[in-house]
Structure formats: structure tokens, C-alpha cells
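One letter stands for each residue in the lines below.
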Amino acid sequence: MDEASAHAALDVPRETLDRLEAFVALLREENGRQNLVSSATLDHVWSRHVLDSAQLICHAPSAARHWLDLGTGAGFPGLVVACLFSGQVTLVESRKLRVDFLTRAADVLGVTSRTTIVCANIANFEAPAFDVITARAFAPLPRLLALAERFSTDETHWILPKGRNAKSELEAAESLWQGEFRLEPSITDPDAMIIVADRVRRRVKGRRGR
């Protein structure tokens, strides 16, 4: 998908697109100093990263107000979500250089007032439960659920882009976790899937019913 097609698929106001373009320009500049994203993906940054992040919004409930993105890295999906989502977004990233970049990028995107950027390892991060939890290329599903369950309730909505390994990761988690899981296709990669889940909880030992 070329840049023009990705712009069209985003379907956002010109002002929002201008802010995203400024963010992409900052990303390209900073990528020469620290490896934020693979250099091989920079020529397709709009589809591989921006649109890939933006598509997660459509899987979130309209009533959601507090969004948690774990292992935000270069801002995908967290900062793109913050640009398109009307509620508050908390971004957790353990690397200080990336947190410094995220802080500057949030300012460029005009979302500073609606984002909380935390420099912490997830194991040391404490917060109340969130309405939505996302994580992109952060950890295999069983480990991700174990790390993040304390930020969730039965009402939390999980939106987890998992690429081409989504089905196998979901199968690996089923012995320990139960809930309402489904696989949604990615609009940026015909072979990739997004795990969307509700009512996620640890499986009661000896019971396999959902």
C-alpha cells in the first residue's frame, strides 16, 4: 500500500493528517540516531506503522475512556491512538531514549494533555484498571496476559496485533487463559491477524469451558 492509499484509508481531517505527517518526519529524523523502527520499513511507514496502529481504534468500544499501551517503543500504536482517540492514553516504555522521543512526538502531535508517558518496566508499573489494553510486538500472548492482567477487569477490552503468529499464540494461551477471544483480519497485511478479547481471566484449574 502506497502513502496516498494509506492516507485515504486513514480517513481523517487534514489537520490530523498534518500532525501525523509531522510525527512521521520526526520519526525519520530520529531513526538515524536510535533504531526506533526497522529501516527497511521506513519506505512504507504509513501502512506498516501508522495505519497498522490506527486500525485498532475500530475494535475499541465507543464508551472507552482510558487506554493503556504497553511497550510503546516508537509510538505504535500508542501515539497514533492518542491522536485519534478522544480519551486518555497511557504509554509505558522502559527505554529512556525512546521515552524522550515519545515526549517530543506527543508535543508534535498535540496530544500532550491526553497522554501519560511512563518510563518503566511493566513489572514495576502500577496503575488502576483500563478500558482498553494494547501491545504491539511486546511479548507472546501467554506472557503478555500474565504481565498485564492486573491492569484489567472483566470489562477491559484487549486489542493485540499479533501478525502472522496470532492463531498459534492464541492456541498457546488457551491452557491457562479463558475469555471471549476472536481473530480479526489486519487491513495492512492479508496474512496478519489481531487478537481481540473480552472477559479475560486465568483459567480455573481443571476446567476448560469459556
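Residues numbered from 1 in each chain as written. Predicted model: local features only at pLDDT ≥ 70, side-chain atom pairs only at ≥ 80, totals over all residues. Heavy atoms only, no water.

A. Up close: helix H3 (residues 45-54). The buried fraction of H3 amounts to nine of the ten residues, a majority that puts the element mostly inside the structure. Those residues of H3 not exposed but buried are Val45, Trp46, Ser47, His49, Val50, Leu51, Asp52, Ser53 and Ala54. The elements touched by buried residues of H3 are helix H1 (3-10), helix H2 (14-31) and helix H4 (78-84). (Buried < 20%, exposed > 50% of the residue type's maximum accessible area, 1.4 Å probe, protein only. Helix = DSSP H or I, 4+ residues; strand = E, 2+ residues; numbered from the N terminus. Contact = heavy atoms within 4.5 Å.)

B. A look at the sheet that holds strand S3 (residues 115-119). Here we have seven strands laid out as an open sheet, ordered S3-S2-S1-S4-S5-S7-S6, and mixed in their pairing. A single partner strand is all that each edge strand has here, and the edge strands are S3 and strand S6 (177-185). Across the sheet, the mean angle from the axis of one strand to that of its neighbour is 20°, orientation sign disregarded. Two strands pair when backbone bridges link them, and strand S1 (residues 66-70) and strand S4 (residues 132-135) are joined in this way by four bridges, in the parallel orientation. (Pairing = 2+ DSSP bridges. Axes fitted to C-alpha atoms, helices over the stretch in contact; angles between N-to-C directions.)

C. The environment of Ala137, seen in detail. Mapped onto the fold, Ala137 is located in the loop between S4 and helix H6 (141-148). For Ala137, a relative accessible area of 78% corresponds to the exposed category. Separated by 120 residues in sequence, Ala137 and Leu17 have C-alpha atoms that sit 25 Å apart.

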